[in-house]
Amino acid sequence: MRKLSRQPDHKYDIDETQINKSIKITSYLITVNNVLLFGLGLILFILGILYLTIYKYSYSFTIYSIDFLAGVFLSSGFVLCALAISGIFLLKPLGRPVYSLLIAMLVFIIFLLIFILGVIGLSMNNNDEFMSQTRQNMMKTAKKFDESNPRGHDTRKINWLHKRFSCCGLNSYNDWKSLIAFQGINGPVKYFDKYDNKYPYIDDVPDSCCINPTKNCGKNINVFGRDRSLILNTKGCLILYYNSFSRDVTFLCALAITISVILLILVIQLFGIFTLTNRNANLAVQNFEQSERRNFL
């Protein structure tokens, strides 16, 4: 009697080169993802530190705060760097796919945050909203300036403005005056938008207007008959502050939108890694079953 041998069914055979190729592609995508996440995080982290220290805006004259944006950059950069480092250990071609989904969700949240802040900043800047807010709030603050209370919020804000941008007043140092007192000490330095000429005055300015601020350096008695440009910062603060603020907002918000677009691409890539990791696991299982079947036969 003829012995019949069972022939293996090659219909569902898995090519090992197919598995290796899929694993190689997944490893490449994971590496690219981790490098880009760390690079973008490092950029945001460094910019956040710079704009919270060297280029810090201690006070703002608009509802949009560069300090807040810098804080978001700093925290987002730290999280992205942490995700990139964790991705080295968690994202594997044959690892658990759920890790890529978790990282994708966190990256997507950061994408939404900095994208929204970037769009709001650019739209307000392009609509001249910053200019109107700056003019209005700076004038209100200047009118509350109280030289006798150097620790007052508005006084510190104006003094910071003068020193930070080497300026004086909104339009020029002529915005500041002291009323003459014929008996006793002259009045304190105050801001006058439109000075009423029926009151005699002296061209005193806050001491923070001086190039080298010292006690009473801005008083007329110390600058009378001398070239004020050698002693005082004569340029107005409004344009200097607005140009600097607008330039920094444009740079940071444009960068935020650019980085957010890259982050969105990385989110899509992480979903691709999730799909490939699942596929690699299925191929590995099928390959194992195929090997066992061949050994059995």
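For the structure itself, consult the block above.
Since this is a predicted model, take the numbers as computed values, not measurements.

Rules used throughout
- Residues numbered from 1 in each chain as written.
- Predicted model: local features only at pLDDT ≥ 70, side-chain atom pairs only at ≥ 80, totals over all residues.
- Heavy atoms only, no water.
- Pairing = 2+ DSSP bridges.
- Helix = DSSP H or I, 4+ residues; strand = E, 2+ residues; numbered from the N terminus.
- Phe/Tyr/Trp six-rings, centres within 6.5 Å; stacked < 30°, edge-to-face > 60°.
- Buried < 20%, exposed > 50% of the residue type's maximum accessible area, 1.4 Å probe, protein only.
- Salt bridge = Lys/Arg side-chain N within 4 Å of Asp/Glu carboxyl O.
- Disulfide = S-S within 2.5 Å.

### Examining the pairing of strand β1 (residues 176-179)
Pairing of β1 with strand β2 (residues 190-191) involves 2 bridges; the strand directions are antiparallel. If you follow K177 over to β2, its bridge partner there is K190. Alignment of β1 against strand β3 (residues 201-202), held across 2 bridges, turns out to be antiparallel. Note that in β3 the partner of L179 across the bridge is Y201.

### Re the sheet that holds β1
Spatially, 3 strands are ordered β2-β1-β3 in an open sheet, and the strand pairing comes out antiparallel. This sheet does not close on itself; its edge strands, each paired only once, are β2 and β3.

### Looking at the packing of aromatic side chains
One pass over the full model with this rule turns up 15 aromatic pairs. Ring geometry for Y57 and F245: centres 5.7 Å apart, planes at 80°, overall edge-to-face. Of this pair, Y57 sits in the loop between α1 (16-52) and α2 (66-90) while F245 sits in helix α7 (residues 237-296), and the two are 188 residues apart along the sequence. Per residue, the accessibility class of Y57 equals that of F245, and both read buried. Measuring from centroid to centroid gives 5.5 Å for F165 and Y241, while their planes differ by 80°, and the two rings are edge-to-face. Of this pair, F165 sits in helix α5 (residues 153-165) while Y241 sits in helix α7; the two residues are 76 residues apart in sequence, bridging distant segments of the chain. Judged by its relative accessible area of 11%, F165 falls in the buried class. Overall, the relative accessible area of 0% leaves Y241 in the buried class.

### Let's talk about the pattern of salt bridges
Scanning all chains against the criterion turns up 3 salt bridges. For D67, the salt bridge goes to K56, with nearest N and O atoms at 2.9 Å. Remark: K56 occurs in the loop between α1 and α2 and D67 occurs in helix α2; sequence separation between them is 11 residues. The exposure class assigned to D67 is buried, which follows from its relative accessible area of 16%. Residue D207 is joined to K219 by a salt bridge in which the shortest nitrogen-to-oxygen separation is 3.2 Å. On the criterion of sequence distance, the pair formed by D207 in the loop between β3 and α6 (220-223) and K219 in the loop between β3 and α6 is long-range, its members being 12 residues apart. Assessed through its relative accessible area of 14%, K219 is described here as buried. Salt bridges sharing partners connect three or more residues here, namely E147, D207 and K219.

### Side note on the state of the cysteines
As used in these notes, a disulfide is a covalent bond between sulfur atoms, one from each of two cysteines. Scanning the entire structure with this criterion turns up 3 disulfides. Between the sulfur atoms of C167 and its disulfide mate C237 the distance is 2.0 Å. Around the S-S axis, the bridge from C167 to C237 shows a dihedral of about 100° and counts as right-handed. In this pair, C167 is assigned in the loop between α5 and β1 and C237 in helix α7, connecting sequence segments 70 residues apart. Two residues, C168 and C209, share a disulfide whose sulfurs are 2.1 Å apart. Its S-S torsion of about 80° marks the bond between C168 and C209 as right-handed, since a negative value means left-handed.

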